[in-house]
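Tertiary structure, described
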Amino acid sequence: MNILEAVKAAFISLSLNKTRSFLTMLGVIIGVFAVISLVSLVKGVENFVTDQFNALGSNLILVAPGRTGFNQDPAVTFTNNKLRAKHIELIEKYAGNYIVGVTPSIRVGKTVKYKNKQFAATVSGVNEKAFQITDVSAETGRNFTEGEVSSKARVTVIGPQVSDELFGEIDPLGKKVTVEGIAFEVIGVLNKKGLNSDDRILVPYTSLDTYLGIDKFSGIATKAKDGQKIDIVMGQVELALLHDLKADEFDVLSQKDILSSVSNILGVLSAGLGAVAAISLVVGGIGIMNIMLVSVTERTKEIGLRKALGATPSNIAVQFLSEAVVISLMGGVIGISLGWLLTVGISSLIRAQIPGWALIISVGFSVGVGVLFGTYPAITAGKKDPIESLRYE
Amino acid sequence: MTKTILKATDICKIYDLGETKIHALKNVSLELFENDFLAIVGKSGSGKSTLMHILGLLDTPTSGELILKDKNVTKYTPNQLAHIRNEEIGFVFQFFNLLQRTSTLDNVILPLKYSHVPKNQWEDKAKKMLEIVDLGDRLQNKSNELSGGQKQRVAIARALVNDPAIIFADEPTGNLDSKTGDEIVALFKKLHSQGKTIIIVTHDDDLAKIAERKIVLRDGIIV
């Protein structure tokens, strides 16, 4: 009996006990589904973060308040935030030759209203350089100017999503939206970037300070003129800020730094979740071994018959091992399919994807679990004495 | 009856149960010939099943010698014995031992799966055997859809499919009513007339009468 015949026989045998076979493979289904879903979600989060940063443009350098890192309390970072307008001037003064421009970045969630419509947007306080630095620009209308920033003009350039939600088919240019009762005139609508950069409104940071009392910068963004000199520019920015701040009161980061720190966090998360999924696979494997041992006992007479008809011990062992592997592999395939469905299902929310290696590992693990936990029952079956087996009641 | 197919010499079988030892067979010697039709008769516990298992290469003797078609198979490994059983021995059991919820055809194909017969010949061979036992029209019926007599005929077709040298039938009518039993008996007679070597193991003297010769076992000895 060759392997193909054994696999065919395994399918027939498993189909005779459909419910039991399904319940047996459930452990593997859950394990593989967990692995695939987690990998896909983590990949999605990574893509999301990468896309966010890439959408900001290249050569970006960010100044964050306080020290970033695993052991940093975000609340302390926020309350000790010392980044202010004067730091923009310091960077322009000491690093101006190396950079395209520098802008503060204030991000607050606020409800933006137009007549009876409202939208929960991110209100972003920046200066006129932000349009160059972060690769965004008004597609219709115009960007606000240096003069409007210095004169604290109540103007805004809104994201395309905000425009759709508040104005629909109406031309938003010249209309006034309100944030906490303060009216801002819409002078432009941003180009579509996708993701969550479309749901914001940009206003001069000076206006945010004057009219809404928000003066703390979420960060400062600048852009190096030359991508090859990012490290030098970062050094210059750091030196500039050290004129007023202590070293632990700010952090200068490149996009690469942030992405790698996000990757690190996600890597730790993946490993932890992967371990949980692996435990599920082991539990699934034990379930398979348990049922295979039951099956060997139940089918003792069949084993005796097959041996009487000429099956060798290894023929019998291969038959039972095939059943274990088929159960496990089917569980794996179902788990992958469910994981894939989940990935497709959430694709509108997050660009989740299943990497090839995750598929290979899942299939490999499924087969591995089947072989590992199916071997003992298979050997037990192969060793059964034909006469005792034939007499078994 | 000319050529010897199987020769058993001084076969002993002792079951070691720790403190006690059971001598199931004591120096049994016999020969099976081509186109032989032998009944091994004995009461329960006489050792007839043990003898059938040893002659059928399902079990190995504690001592003695077995020569099958001029080959000494006494010391063969389990794998070698499995191959010889597949090629040279056919079994018919009292309780049919068909695979559950499996078609008649697939039940008869089963021994071919362990043989060297190419796969493309399996179905034709199995169909031919089922026609011999008058079940050519029941190829796809599952074993649970057959009567007792039909099940036993499937089992006989299965025993025949590899064209074995010897067919062992262990109480082949023991689980059938007398009419169906008679049909099975007639089938064995037909197979014997076509040249098959058949060994029937039974405690039933009436069944033993259909054989051309019989040996009687009592307490592990031929009497």
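Residues numbered from 1 in each chain as written. Chains lettered and ligands numbered in written order. Predicted model: local features only at pLDDT ≥ 70, side-chain atom pairs only at ≥ 80, totals over all residues. Heavy atoms only, no water.

**Brief notes about the side chain of Ser280 of chain A**
Selection criterion: Only DSSP runs of H or I covering at least 4 residues are called helices, and only runs of E covering at least 2 are called strands; the numbering of each starts at the N terminus. A contact between two residues is defined here by any heavy atoms of the two lying within 4.5 Å.
Along the chain, Ser280 of chain A falls in helix α10 (residues 255-298). With residues near it in sequence (within four places) discarded, Ser280 of chain A still touches Gly27, Ile30 and Gly31 of chain A.

**Overview of the UniProt feature "domain: ABC transporter" (unreviewed entry) in chain B**
We apply this condition: UniProt positions are given in the numbering used here, feature names are shortened, and annotations may be inferred rather than shown by experiment.
Following the UniProt record, the feature "domain: ABC transporter" (unreviewed entry) maps to residues 6-223 of chain B here. Its end C-alpha atoms 20 Å apart, residues 6-223 of chain B is made of 35% helix and 28% strand.

**Topic: the interface of chain B and chain A**
Our working definition: What counts as buried area is the accessible surface, traced by a 1.4 Å probe, that two parts surrender upon association, with contributions from both included. In the sections that follow, a salt bridge refers to a side-chain nitrogen of Lys or Arg positioned within 4 Å of a carboxyl oxygen of Asp or Glu.
On the chain A side, the residues contacting the 22 residues of chain B number 21 residues. Its largest share of buried area at the contact with chain A, chain B owes to Leu58, Lys113 and Tyr114 of chain B, together 28% of the area lost on that side. Here chain B is connected to chain A by two salt bridges. With its nearest N and O atoms 3.8 Å apart, the salt bridge here joins Lys113 of chain B to Glu5 of chain A.

**Considering the sheet that holds strand β5 (residues 71-72) of chain B**
Residues and elements named next belong to chain B. In plain terms, the rule: DSSP-based pairing: two strands are paired if at least 2 bridges between them are found. Axis definition: a line fitted to C-alpha atoms, limited for helices to the stretch in contact. Angles are taken between N-to-C directions and run from 0 to 180 degrees.
Spatially, four strands are ordered β2-β1-β4-β5 in an open sheet, and the strand pairing comes out antiparallel. The strands lining the two open edges of the sheet, one partner per strand, are β2 (20-33) and β5. Where strand β4 (residues 63-68) meets β5, two bridges bridge the pair, whose relative direction is antiparallel. Across the sheet, the residue bridging to Leu68 is Lys71, located in β5. Most of the contacts of helix α1 (residues 48-55) go to β2, to which it runs at about 55°, and overall it touches β1 (4-17), β2 and β4.

**With respect to the packing of α10 of chain A against helix α12 (residues 313-345) of chain A**
Residues and elements named next belong to chain A. For clarity, the threshold we go by: We call a crossing left-handed when the near helix sits turned anticlockwise from the far one by less than a right angle, and right-handed when that turn is clockwise.
Running from amino to carboxyl end, α10 crosses α12 at an angle of 145°, the nearest separation of the two axes being 11 Å. Crossing handedness for the pair α10 and α12: right-handed. Contact with α10, carried on its side by Ile288, Met292, Ser295 and Val296, involves Phe320, Glu323, Ala324, Ile327 and Ser328 of α12 and no other residues of that element.

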